2 protein chains.
Amino acid sequence: MSDAIHQGEPRLIEVRKNVLKQNDIVARELRNQFRGRGMFVVSLVSSPGTGKTTFLERTLTLLQPQFQVAALVGDLATENDAARLARSGAPVKQITTGTLCHLEAAMVQKALEGSGWGSIDFLFIENVGNLVCPSSYDLGENLRIVLLSVTEGEDKPLKYPTIFNSADIAVLTKMDLADAVEFNEDAAMANIQAVRPGMQVFKTSAKTGFGMDGFLHFLAQQRSLQPGLAEVRKP
Amino acid sequence: MSDAIHQGEPRLIEVRKNVLKQNDIVARELRNQFRGRGMFVVSLVSSPGTGKTTFLERTLTLLQPQFQVAALVGDLATENDAARLARSGAPVKQITTGTLCHLEAAMVQKALEGSGWGSIDFLFIENVGNLVCPSSYDLGENLRIVLLSVTEGEDKPLKYPTIFNSADIAVLTKMDLADAVEFNEDAAMANIQAVRPGMQVFKTSAKTGFGMDGFLHFLAQQRSLQPGLAEVRKP
């Protein structure tokens, strides 16, 4: 590397640390706000194309008979995902980040302030599709889910360990395509456990509905375990 | 957004601009070096899981009877991709970036310096799997290819316009799965043209070999059009 690049790095790291510290302060405010409003907040991170939006649309649709749900969705550009998620009937808001490859707590805060949403049992935050940038940004969520599709290669956990370490559970998506792409489930599971021993993994297909029941049961259980969030508003 | 975040941003942008400027200086040196050594340099960018490595392994294998080829491959962690690419018989070197979501020109320069490689007709640089970060970093390449797999959604060009704008051509991968995932080719093509009018697109499957001939013919042609690179070393 040239000296010039070397000289530049420490300053960049210092400034970035400062931004992260500010994000943590806002995330703490958000967490208090979520608790105060009785919201259980779930964020989704993955590579672009893993199927976050399809998975979330199905989740919103299936939860709605029992819970008040809403979603925020981040992308660099377009409101496509908000339009797709809105088909579930849930209130949805798009956050466009311009050139930023992740959501920050302040963007979530601003989007919620302007939403006019009433009581919410489950708020979902779909992050920008990226296996690197979102890992460092706390959004005040209760549960962070990393999604991995059967089409994208079993070694992704080994190649992107930080995002798997920053998440609470993993969801395998597009299981309906497992045979077509010769998905090696044992290898994928072993790689997840190698970077995050004990991590709970749900195998799903939002297209066929496979595995969604178990996942939704887990979500409801996690919500009920949160102090002060046991009561569900819809009958 | 909080004032704190607002205050932080201009300084971050300023420092980042400085890093990018330094990168451009190194990229210019690299470009001169590539020309001096008679190398045609092709970089590949895409989302994680698009199939860059499989596509590149096939490309290296098919080019070798006629050309001297070599590859550099970037990942945050693991040497998996270098091991996979080495099966082609071509010289390959892994660059691990730690937490960085892209390659920089200085990393390429350093990897090449230590490679001990002789004459090379085609050098391939497989970037870190990311649709955001690599777009701003010039690596001195002659041709930048953005890959998009049929499994990851037809609207990716609209959502990540910058990476499509920074690339010279696009390659659709995993065409063998197009039917299984109900890929809408017309929509994908229209979306690419919407963000990058006139962009040339190759439809391929590295698994079946579909479309590889046309792509390889294009590569050889592009190389021969480069001043001073017409002569091919292997018979």
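Thresholds applied
- Along each chain, residue indices are assigned from 1 in the same order as the chain's sequence is written.
- As they are written, the chains are lettered A onward and the ligands numbered 1 onward, keeping that order.
- pLDDT decides what is reported in this predicted model: residues at 70 or higher carry local features, side-chain atom pairs at 80 or more are listed and counted, and totals for whole chains, interfaces and linings draw on all residues regardless.
- Remark: hydrogens and water are excluded; side-chain values derive from all non-hydrogen atoms of the structure.
- Strands were regarded as paired on the criterion that DSSP finds at least two bridges between them.
- Only DSSP runs of H or I with at least four residues qualify as helices, and only runs of E with at least two residues qualify as strands; both kinds are numbered from the N terminus onward.
- To obtain each axis, a line is fitted to C-alpha atoms, and for helices this fit is confined to the stretch in contact; angles are then taken between N-to-C directions over 0 to 180 degrees.
- Should any heavy atoms of two residues lie within 4.5 Å, those residues are counted as being in contact.
- When the copies are superposed, the least-squares fit takes in the C-alpha atoms of residues with a pLDDT of at least 70 in both.
- Throughout, a disulfide means two cysteine sulfur atoms within 2.5 Å of one another.
- Only protein chains enter the area calculation, which uses a 1.4 Å probe; residues under 20% of their type maximum are buried, those over 50% are exposed, and those in between are partly exposed.
- Counted as a polar contact is a pair of N or O atoms within 3.5 Å, where, for protein atoms, one must be capable of donating a hydrogen and the other of accepting one, and residues adjacent in sequence contribute only when both atoms are in side chains.
- Two rings from Phe, Tyr or Trp (for Trp, the six-membered ring) form a pair when their centres sit within 6.5 Å of each other. Planes less than 30 degrees apart are called stacked, planes more than 60 degrees apart edge-to-face, and all others tilted.
- Our definition puts a charge over a ring when NZ of Lys or CZ of Arg is within 6 Å of the ring centre and also within 35 degrees of the ring normal.
- Confidence of the predictor at the level of single residues is captured by pLDDT, which takes values from 0 to 100.
- Salt bridge, as used here: a side-chain nitrogen of Lys or Arg that lies within 4 Å of a carboxyl oxygen of Asp or Glu.
- Note on terminology: a nonpolar core comprises buried Ala, Val, Leu, Ile, Met, Phe, Trp, Tyr and Cys residues joined through side-chain atoms within 4.5 Å.

## As for the sheet that holds strand E6 (residues 169–173) of chain B
All names here are of chain B. Ordered by their spatial adjacency, 7 strands build an open sheet running E3-E2-E4-E1-E5-E6-E7, and the pairing between neighbours is parallel. Sheet topology places strand E3 (92–96) and strand E7 (200–203) at the edges, where each strand pairs with a single neighbour. Each neighbouring strand pair of the sheet contributes to a mean axis angle of 20°, computed without reference to strand direction. Bridging between strand E1 (residues 40–45) and strand E4 (residues 122–126) involves 5 bridges; their strand directions are parallel. What sits directly across from Leu44, in E4, is Glu126. Contacts between helix H2 (residues 52–63) and the sheet are confined to E1, strand E2 (69–75), E4, strand E5 (143–149) and E6, with E4 contributing the most and set at about 170° to the helix. Here helix H7 (residues 185–195) sits on the sheet in contact with E5, E6 and E7, set at roughly 150° to E7.

## Notes on the relation of the copies chain A and chain B
Superposing chain A onto chain B takes a rotation of 180° plus a shift of 0.0 Å along the axis, which leaves an RMSD of 0.0 Å. What the superposition gives is, in effect, a two-fold axis relating one chain to the other. Residue by residue, 98% of the interface of chain A is reproduced at the interface of chain B, so both copies engage with the same surface.

## A few points about the sheet that holds strand E6 (residues 169–173) of chain A
Residues and elements named next belong to chain A. The sheet built from 7 strands is open, its strands ordered E3-E2-E4-E1-E5-E6-E7 with parallel pairing. Looking at strand neighbours, the two that pair on one side only are strand E3 (92–96) and strand E7 (200–203), the edges of this open sheet. Taken pair by pair, the neighbouring strands of this sheet meet at an average axis angle of 20°, ignoring direction. Together, E6 and E7 form the strand contacts of helix H7 (residues 185–195), whose direction differs from that of E7 by roughly 150°.

## Some details on the state of the cysteines
Residues and elements named next belong to chain A. Per the counting criterion, the structure on display carries 2 disulfides over all chains. Two residues, Cys101 and Cys133, share a disulfide whose sulfurs are 2.2 Å apart. An S-S torsion of about -95° defines the bridge between Cys101 and Cys133 as left-handed. Placement of Cys101 in the loop between E3 and helix H4 (105–113) and of Cys133 in the loop between strand E4 (122–126) and strand E5 (143–149) is noted, with a sequence separation of 32 residues between them. Classification of Cys101 as buried rests on a relative accessible area of 11%.

## Remarks on the side chain of Asn23 of chain A
Residue and element names in this part refer to chain A. In this structure, Asn23 sits in helix H1 (residues 3–36). The buried category is assigned to Asn23, whose relative accessible area is 0%. In this structure the side chain of Asn23 is engaged in a polar contact, spanning 2.8 Å, whose partner is the backbone nitrogen of Ala105. At 2.9 Å, the side chain of Asn23 forms a polar contact with the backbone oxygen of Asp138.

## Remarks on the packing of aromatic side chains
Applying the stated criterion to the full structure yields 12 aromatic pairs over all chains. Ring geometry for Phe67 of chain B versus Phe122 of chain B: centroids 5.0 Å apart, planes at 85°, classification edge-to-face. With Phe67 of chain B in the loop between H2 and E2 and Phe122 of chain B in strand E4, the pair connects residues that are 55 residues apart, well separated along the chain. In terms of burial, Phe67 of chain B and Phe122 of chain B fall into one category: buried. Taken together, the ring pairs in this structure connect Phe40, Phe67, Phe122 and Phe124 of chain A into an aromatic cluster. Directly above the ring of Phe122 of chain A sits Arg223 of chain A, whose terminal nitrogen or CZ lies 5.9 Å from the centroid.

## A closer look at unusual backbone geometry
Residue and element names in this part refer to chain B. The phi torsion at Thr78 lies on the positive side, around 75°, for a residue other than glycine. Tracing the chain through its elements places Thr78 in the loop between E2 and helix H3 (80–86). Even without being glycine, Glu182 reaches a positive phi, approximately 50°. Taking relative accessible area as the criterion, Glu182 reaches 58% and is therefore assigned exposed.

## A closer look at the confidence of the model for chain A
Residues and elements named next belong to chain A. Summing up the model confidence of chain A, the mean pLDDT is 92 and the portion of residues at 70 or higher is 92%. Under a pLDDT of 50 for its full length, residues 1–8 has, in the predicted model, 12 contacts with residues more than four places off or in other chains. Interface confidence for the predicted complex, given as ipTM, is 0.86, next to a pTM of 0.89.

## Section: the pattern of salt bridges
This model, assessed by the stated rule, comprises 21 salt bridges over all chains. The closest approach of N and O atoms between Arg31 of chain A and Asp138 of chain A, which form a salt bridge, is 2.7 Å. With Arg31 of chain A in helix H1 and Asp138 of chain A in the loop between E4 and E5, the pair connects residues that are 107 residues apart, well separated along the chain. On the accessibility criterion, Arg31 of chain A (29% relative accessible area) is partly exposed. What you see here is one network of salt bridges that share partners, running through Asp155, Lys156 and Lys159 of chain A together with Asp75, Asp81 and Arg84 of chain B.

## Considerations on the nonpolar core
Of all hydrophobic cores here, the largest spans 51 residues; its most connected members are Val146 and Phe164 of chain A together with Val146, Phe164 and Ile192 of chain B. Elements supplying a minimum of two residues to this core: E5, helix H6 (161–166), E6 and H7 of chain A together with E5, helix H6 (161–166), E6 and H7 of chain B. Look past the residues within four positions of Phe164 of chain B in its chain and what remains in contact with it is Val146, Leu148, Lys156, Pro157, Ile192, Val195, Arg196 and Met199 of chain B. Core analysis: the second largest hydrophobic core is formed by 29 residues, Val69, Leu85, Ile145 and Val171 of chain A among them.

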